[in-house]
Amino acid sequence: MPPKPQQQQQSKSKTPPKAAPLQRPAKITSDQEKLLQYVAQAVAEEVELIQPHLEMCNWEKDIVIRKFEQSLSADVDRLCSSGKIEKAIAKCNAFAEHGSTSCNPHKQAQALFELSFIAFKYQKDAENSLKYAEQSLTLLKSNQIRPDNLAMAIVANHVGVCLYYLNNIDKAVTNMELALDYVYNTDEGEEATILSNLGNIYYHTRQYKLAKLYFERALAKRLKKNDTGPSVQKIKAMLEVLTF
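Residues numbered from 1 in each chain as written. Predicted model: local features only at pLDDT ≥ 70, side-chain atom pairs only at ≥ 80, totals over all residues. Heavy atoms only, no water.

## As for the pattern of salt bridges
Spelled out, the test is: Here, a salt bridge means any Lys or Arg side-chain nitrogen found within 4 Å of an Asp or Glu carboxyl oxygen. In DSSP terms, a helix is any run of H or I states spanning at least four residues, a strand is any run of E spanning at least two, and both are numbered starting from the N terminus. Relative accessibility decides the category of a residue: with a 1.4 Å probe and only protein chains considered, values under 20% of the type maximum give buried, values over 50% give exposed, and everything between is partly exposed.
Applying the stated criterion to the full structure yields six salt bridges. Asp 75 is paired through a salt bridge with Lys 91; the nearest N and O atoms lie 3.5 Å apart. Linking Asp 75 in helix α3 (residues 58-81) with Lys 91 in helix α4 (residues 85-101), this pair joins segments that are 16 residues apart in sequence. With a relative accessible area of 26%, Lys 91 lands in the partly exposed category. For Glu 188, the salt bridge is made with Lys 221, and the minimal N-O distance between the two is 4.0 Å. Taken together, the residues span a long stretch of sequence, with Glu 188 in helix α9 (residues 188-204) and Lys 221 in helix α10 (residues 208-224) at a distance of 33 residues. Looking at Glu 188, the relative accessible area reads 24%, which means it is partly exposed. Since its relative accessible area comes to 22%, Lys 221 is described here as partly exposed.

## Some thoughts on α10
Let me state the cut-off plainly: One fewer than the residue count of a helix, multiplied by 1.5 Å, yields its expected span. Taking the helix axis as origin, the arc is that swept by the directions to the C-beta atoms. It only takes one pair of heavy atoms within 4.5 Å for two residues to be counted as in contact.
Between its first and last C-alpha, α10 extends 24 Å over 17 residues, near the 24 Å set by a 1.5 Å rise per residue. Considered for burial, the residues of α10 that qualify are Ala 211, Tyr 214, Phe 215, Ala 218, Leu 219 and Arg 222. Axial view of α10: buried residues confined to an arc of 140°, hence all on one face. Opposite the packed face of α10, turned more than 90 degrees from it, sit the exposed residues Lys 209 and Lys 224. Of the surrounding elements, those touching the buried residues of α10 are α8 (169-183), α9 and α11 (230-242).

## Considerations on the nonpolar core
To be explicit about the condition: Side-chain atoms within 4.5 Å are what join buried Ala, Val, Leu, Ile, Met, Phe, Trp, Tyr and Cys residues into a set we call a nonpolar core.
Membership of the largest hydrophobic core comes to 38 residues, with the highest contact counts inside it found for Val 155, Leu 180, Ile 194, Leu 198 and Phe 215. Secondary-structure elements contributing two or more residues to this core are α5 (105-121), α6 (126-141), α7 (149-165), α8, α9, α10 and α11. Ranked by the residues each element gives to this core, the list is headed by α7, at ten residues. When neighbours within four sequence positions are excluded, Phe 215 is seen to be in contact with Ser 196, Gly 199, Asn 200, Ile 235, Met 238, Leu 239 and Leu 242. Grouped together as the second largest cluster of nonpolar side chains are 13 residues, Val 76, Ile 89, Cys 92 and Leu 112 included.

## A look at the side chain of Arg 222
Secondary-structure assignment places Arg 222 in helix α10. The class of Arg 222 is buried, set by a relative accessible area of 11%. Not counting residues within four places of it along the chain, the set of residues in contact with Arg 222 comprises Gly 189, Ala 192, Thr 193, Asp 227, Ser 231, Val 232 and Ile 235.

## Here's the deal with the packing of α9 against α11
Rules: With axes taken as lines fitted to C-alpha atoms, and helix axes fitted only over the stretch in contact, angles between N-to-C directions fall between 0 and 180 degrees. We call a crossing left-handed when the near helix sits turned anticlockwise from the far one by less than a right angle, and right-handed when that turn is clockwise. Three classes are used: nonpolar for Ala, Val, Leu, Ile, Met, Phe, Trp, Tyr, Cys and Pro, charged for Asp, Glu, Lys and Arg, and polar for all others, with Gly counted as polar.
The contact between α9 and α11 brings their axes to 12 Å, and the two run at 30°. For the pair α9 and α11, the crossing hand works out as left-handed. In this structure, α9 uses Ser 196, Asn 200 and Tyr 203 to contact α11, whose residues at the interface are Ile 235, Met 238, Val 241 and Leu 242. Within the contact of α9 with α11, the residues separate by chemical class into five nonpolar, two polar and no charged.

Structure, rendered in structure tokens:
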């Protein structure tokens, strides 16, 4: 016996109707076929573009990271040099926010380091620069799976520079020595920069023997890279002063 219309209506109200399954056209026209082929090709190309990035080895990932760092640094330099400091700050804040929301600590750390650079060089604010640099270093240290030693060395060195300008000499030296540990066997140019900074600190605190030692080490690193630029001339000038 079939159910009464009223009972059937109640049953429908209790159980929502299932969505109708999608159906393909009975016959695909030539235009539709071309569209499907185009979409299939686009998907294949996209997979080919993405896959290498998923399978990149460590040195390839390093290249991608360095390109990003250089791009952001270049943009910040360009904006600040043309007087658009607020725009540079806004750009860095946007990058830092995106790095935070996308769980990309390296991107966030780089943006914070650029904010530190702006505060130090263009705003002459060593205290604010130190704050950003320390936040950047903390983020870089948090990546225990594959730490970026060169980035940590650069930031730790800058933390030391800020502390020196704030007359906290002992902590400045501690951070620069930490930077030397990070930079070991990664980049001799950056290592020479840190050694020179330590030489300058020891010179200005009248620890001349230590100053000479660090300047000599810095010069050796520069000459090993066949560097003949202004940095080499400054180191040689300091060594001449310290030779008595």
